[in-house]
Amino acid sequence: MKKLLSVLLVLCLSLSLASCGSNAVDPKNTIRRIGAASDWTGEGKTLVFDSLTYRLSSTEATKQLVEVTHNDDYTEYTLKVTPGVVFSDGTKFDANCVKYSIENESLANSLGFHQMMTSLDVVDESTLVAKFPSTYATFEYELSYIVGVKVGSLSDEGAITEYIGTGMYVLDEYVPDSIGKFSYNEKYWNKDRKPSVTTVEWKVIPDIPTRVMYLENKEVDVIGLEHGGFTDYATLKQLSDVEGLTIETKANGSPSMYMFNYIKGPTTDINLRKAVSLAIDRQRLCDSICYGFATPAWTYILDTEQYAPTNGVKFHYDVEEAKKLLAEGGYVDTDGDGILEKDGKNIELYLVTLSSETYRNTASLVADDLAKIGIGVRIDALDASGYYAKSQVGDFDLCFTHPWKQPITYYTWRCTYTDYDSMGTGFGFDPKFKDYYDVVSAGYDKEAIQKFFDMFWDEAYDFVPAVTLFSGGAAHVYTDEVSGFKWTRGDGTLNLVELDEVVVNRK
Amino acid sequence: MKAATILKRIIVAILTALFVSFTAYALLYFSPGDPAELLLMEMTGGSGLQMSVVKEYAEILGTNKGLLPMYKNWFVKMIHMDLGTSYRTGRPVWYEFKIRFATSLSLAVMTSVISLVIGVSMGMLSAKYKNKFFDKLTRMICAINMSIPSFWLAIVFMWVFVIKLRLAPMSGDMGFRSLILPSCVMGLTGSSGLIRIVRIGILENLSAEYVVTLRAKGLSESARFRKHILRNISLSIVTMVTQNVVSLIGGSIIIENIFGLPGVGNYLIRSIQVKDFPVILGFIFIMSLTVVILNLISELVSYALDPRIRMEVYEK
């Protein structure tokens, strides 16, 4: 017995001793850690790999690894490799690398040019020519989604397997799903963008409360660099009271919204759709769920976005008007249960949403708002697969949907067909929208595109295929030891995490 | 145990692992969601995804071939010791497994050692001081400990030992040091069951006739404990510890998440979310095999410890 107790004591002491001691010293030019939800090979890959062109905005890009020129009708592009670009191992970046990246990178498969391009030929070591059968003006922009890789460094599925890039940093150490350690790439070709931070750690912390705890404890310097920033509103509220932390928010140009099933079911009725749009108290959503980190959304895209409506059409909040519309539509509460009926049936909408806290709470408040005008709501908060499965077959009356982003891309994605897609019904409610495909997808006649969108917005606010909720503010949260984080210019792995302006203030 | 019996059990283990992996794969195959679409959604954030693109990507991945042809492809590769490559990362499945398995196995072993040390010592003390203050306190702590969710305990431990006392590292990338806190959390959580088993086992044995005989023969208390009682209860301890190790290898997902540990469970869950079939098939196959083999080892240990089992096997 005594022996056992002694063993226990020795074990406890050894564990305590082993775990004591301070963590590594943090020099002034080191970002101690970026606290991330997932591996750096997703959104953080631009630390090691440069994109072929450099994205300026949601529709424009300029030269980076290649300079792109085109003929007058955007059917032929010449891609010129930027002189002096080398990989971190000293290998030259040439036209063959560009061709290999464009043809094989997995993300390239999801881009519009992939199906349109008829040929991509290497002319010489630094020149390529891409040809399209008809006008295709967004090629240069789409190249900003593709990173330049060495020939042979992609798997059959297009994933990067050799982490040697032309980017600002070199990968020194990598434990998948745990940590990536990087140092400045001494062979970095773009001397204009030399960062002051020479070593970086990318730490994966999937659990949000733990990530926050890491930040509060200064085990990480920043969270929220990925996917438009950190948008767990309750946690942001909690962090706003913590001394020594800075929360930097950015209004999202693409408000959250619910899509109506205007093809079948009760929401085919325009009066009902309009009544729902009038009955949602967006200010309350922002105050109660977003803790002031979001603003009410009255438009599908913010006025500051390209191709936003020029005539100021928008939704508004008016419960009385909503009730009036329902009465005009023949909705009555005959049995006095507070739920309206039409044709003898109670109006209960089936709302399908995602299962995260913000989405669940939003659905509950919307249901509460609709109850005030006599509309019942049944909520189904599902994981991504369940949600996609329901929305693809139209098994919903109202469902969470992808917000309007990059109008041209969104148009080509969701405005040219009247059917269900993986995120609801889409915006192709008027068949004539698809007639504008060539003009809009070509992307260069901005006047004609604006004219189309003005017509489109007028119809959309009249038809109400979807209802807006709030415009969420993405957030970076960082300690007082660092500053200068840029906002990303993309979504998902299209993000461009850049650290060239980051400054370490640690003493 | 005869070599032929062990060989037979290993063959059964492989067949069981194949059956389990196929069942899991088939269930997932018929669940909602197309792998190509889910992967592209993850890559692009869900915007601008055309169905024609999804179809083309499905062709590249080979996920449009149907349930059995896909399984056949995987099976043929597996026979040649190739578990395929992950759709998501492009890295070989075996590589993905081995880098994570080390973490998961270390965590499981450390957790088991801690729960074993606490469970056996506390269980013995509790039995020794039956119905005294110590015993009552231990039982109360056990009941509370069994009711506390491990993720809550993990956060409390993190707050106390990392933030307040700064005794342990927070990050999951510092090798052995990173495993101390999570294994303490899980070891504590798992120790309660062991304390109860050891306590009950000792008490039952103490009142057994053979112990009375031993006492009558003048054997000392410590010798009775070490040579007889402890040996008799060791069977149930071995069984329980084996089960703990097995469930911890793939089942410590929440703890892996909280402590940022790159373990098997966490990766498997992420792969299931995007239906990364090669990873799912490979991981479940290896894990099933591990489970069956660990159970076999547990049986061999029981065989060595208990003459009754040896006798049974001999009679068969």
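In this text the structure is predicted, and so the values were computed from the model without any measurement.

### Describing the overall build of chain A
Here comes step 1: Along chain A, the regular secondary structure elements total 14 helices and 23 strands.
Here comes step 2: Taking all 507 residues of chain A together, 58% fall into the buried category.
Here comes step 3: If you take every contact in chain A between residues at least 6 apart in sequence, the share linking residues at least 24 apart comes to 71%.
Here comes step 4: Of the accessible surface of chain A, which amounts to about 19900 Å², a share of 51% is contributed by carbon and sulfur atoms.

### Here we look at the overall build of chain B
Here comes step 1: A tally of regular secondary structure across chain B gives 14 helices and 0 strands.
Here comes step 2: In sequence order, the secondary structure elements of chain B are arranged as α-α-α-α-α-α-α-α-α-α-α-α-α-α.
Here comes step 3: Expressed as a percentage of its 316 residues, the buried residues of chain B come to 50%.
Here comes step 4: Contacts in chain B between residues at least 24 apart in sequence constitute 73% of all its contacts with a sequence separation of at least 6.

### Describing the state of the cysteines
Here comes step 1: In total, this model carries 0 disulfides over all chains according to the counting rule given.
Here comes step 2: Left unpaired, C399 of chain A is separated from the closest cysteine sulfur, that of C415 of chain A, by 15 Å.

### What about the pairing of strand β10 (residues 199-204) of chain A?
Residue and element names in this part refer to chain A.
Here comes step 1: With respect to burial, β10 is a largely interior element, 5 of its 6 residues being buried.
Here comes step 2: Relative to β10, strand β9 (residues 179-184) is paired through 5 bridges, and the arrangement is antiparallel. When the bridges of β10 are listed, G180 appears paired with W202.

### A closer look at the nonpolar core
Here comes step 1: Within the largest apolar cluster, 167 residues are counted, with the highest numbers of intra-cluster contacts made by Y300, L370, W404, F427, F453 and F456 of chain A.
Here comes step 2: Two domains each put at least three residues into this core: domain 1 (1-88 + 277-316) and domain 2 (100-273) of chain B.
Here comes step 3: Beyond its immediate chain neighbours, meaning those up to four positions away, W404 of chain A contacts S254, M257, Y300, I301, Y410, Y411, C415, F427, F453, F456 and W457 of chain A.
Here comes step 4: Of all hydrophobic cores here, the second largest spans 64 residues; its members include V66, W202, L225 and V502 of chain A.

### Describing the sheet that holds strand β6 (residues 119-124) of chain A
Residues and elements named next belong to chain A.
Here comes step 1: Pairing is antiparallel in the open sheet, where 4 strands are placed in the order β4-β5-β7-β6. Each having just a single partner strand, β4 (66-70) and β6 make up the two edges of the open sheet. With strand direction ignored, the average angle separating the axes of adjacent strands in the sheet is 20 degrees.
Here comes step 2: Those strands touched by helix α2 (residues 95-104) are β4, β5 (76-81), β6 and β7 (127-131), and its axis lies near 170 degrees from that of β6.

### Quick notes on the confidence of the model for chain A
Here comes step 1: Mean pLDDT over chain A stands at 86; residues scoring 70 or higher make up 89%.
Here comes step 2: Scored below 50 in pLDDT, residues 19-25 of chain A makes 12 contacts in the model with residues more than four places away or belonging to other chains.

### Structural notes on the domain arrangement of chain B
It is common to give the size of an interface as the accessible area lost on bringing the parts into contact.
Residue and element names in this part refer to chain B.
Here comes step 1: Domain assignment breaks chain B into domain 1 (1-88 + 277-316) and domain 2 (100-273).
Here comes step 2: In this structure, domain 1 and domain 2 have C-alpha centres spaced 29 Å apart.
Here comes step 3: In this complex, domain 1 contributes 22 residues to the contact, which on the side of domain 2 involves 18 residues.
Here comes step 4: Taking both sides of the interface into account, the surface hidden between domain 1 and domain 2 amounts to around 1700 Å²; carbon and sulfur atoms contribute 71%.
Here comes step 5: Scanning the region where domain 1 abuts domain 2 turns up 0 salt bridges.
Here comes step 6: There are 0 residue pairs in polar contact (both at pLDDT 80 or more) connecting domain 1 and domain 2.
Here comes step 7: Looking at the side of domain 1 that touches domain 2, the elements that each hand over two or more residues are α2 (35-44), α13 (277-305) and α14 (307-315).
Here comes step 8: The greatest single-element share of the side of domain 1 that touches domain 2, amounting to 14 residues, is contributed by α13.
Here comes step 9: Grouping the constituent residues of the side of domain 1 that touches domain 2 by class yields 13 nonpolar, 5 polar and 4 charged.

### Describing a nonpolar patch on the surface
Here comes step 1: A cluster of nonpolar side chains, namely F133, L137, M140, I141 and I144 of chain B, defines an oily patch on the protein surface of about 510 Å² accessible area.
Here comes step 2: Along the chain, I144 of chain B turns up in helix α6 (residues 133-147).

### Considerations on the environment of L294 of chain B
Here comes step 1: Along the polypeptide, L294 of chain B turns up in helix α13.
Here comes step 2: Separated by 156 residues in sequence, L294 of chain B and T138 of chain B have C-alpha atoms that sit 31 Å apart.

### Describing the packing of aromatic side chains
Here comes step 1: Going through the model one piece at a time under the given rule, you end up with 64 aromatic pairs over all chains.
Here comes step 2: When the ring of Y77 of chain A is compared with that of F132 of chain A, the centres are 5.7 Å apart and the planes differ by 75 degrees; the resulting orientation is edge-to-face. With Y77 of chain A in strand β5 and F132 of chain A in the loop between β7 and α4 (139-142), this residue pair connects regions lying 55 residues apart in the sequence. As far as the burial class goes, Y77 of chain A and F132 of chain A line up, both buried.
Here comes step 3: Between F456 of chain A and W457 of chain A, the aromatic rings sit 5.2 Å apart at their centres with planes inclined by 70 degrees, giving edge-to-face as the arrangement. Of the two residues examined, F456 of chain A and W457 of chain A, each falls in the buried class.
Here comes step 4: A cation over a ring is seen here: R414 of chain A above W413 of chain A, with NZ or CZ 5.2 Å from the ring centre.
Here comes step 5: A cation over an aromatic ring shows up here: R100 of chain B above the ring of Y267 of chain B, its NZ or CZ 3.8 Å from the ring centre.

Reading guide: rules and limits
Residues numbered from 1 in each chain as written. Chains lettered and ligands numbered in written order. Predicted model: local features only at pLDDT ≥ 70, side-chain atom pairs only at ≥ 80, totals over all residues. Heavy atoms only, no water. Helix = DSSP H or I, 4+ residues; strand = E, 2+ residues; numbered from the N terminus. Buried < 20%, exposed > 50% of the residue type's maximum accessible area, 1.4 Å probe, protein only. Contact = heavy atoms within 4.5 Å. Areas by Shrake-Rupley, 256 points an atom, 1.4 Å probe, with all protein chains shown as cover. Disulfide = S-S within 2.5 Å. Pairing = 2+ DSSP bridges. Core = buried A, V, L, I, M, F, W, Y, C linked by side-chain atoms within 4.5 Å. Domains from an automatic or database assignment. Axes fitted to C-alpha atoms, helices over the stretch in contact; angles between N-to-C directions. pLDDT = per-residue confidence, 0-100. Buried area = accessible area lost by both parts, 1.4 Å probe. Salt bridge = Lys/Arg side-chain N within 4 Å of Asp/Glu carboxyl O. Polar contact = N/O pair within 3.5 Å; in protein donor to acceptor, adjacent residues only side chain to side chain. Nonpolar A, V, L, I, M, F, W, Y, C, P; charged D, E, K, R; others polar. Patch = residues over 30% accessible without salt bridge, like charges linked within 9 Å, V, L, I, M, F, W, Y side chains within 5 Å. Phe/Tyr/Trp six-rings, centres within 6.5 Å; stacked < 30°, edge-to-face > 60°. Lys NZ or Arg CZ within 6 Å of the ring centre and 35° of its normal.

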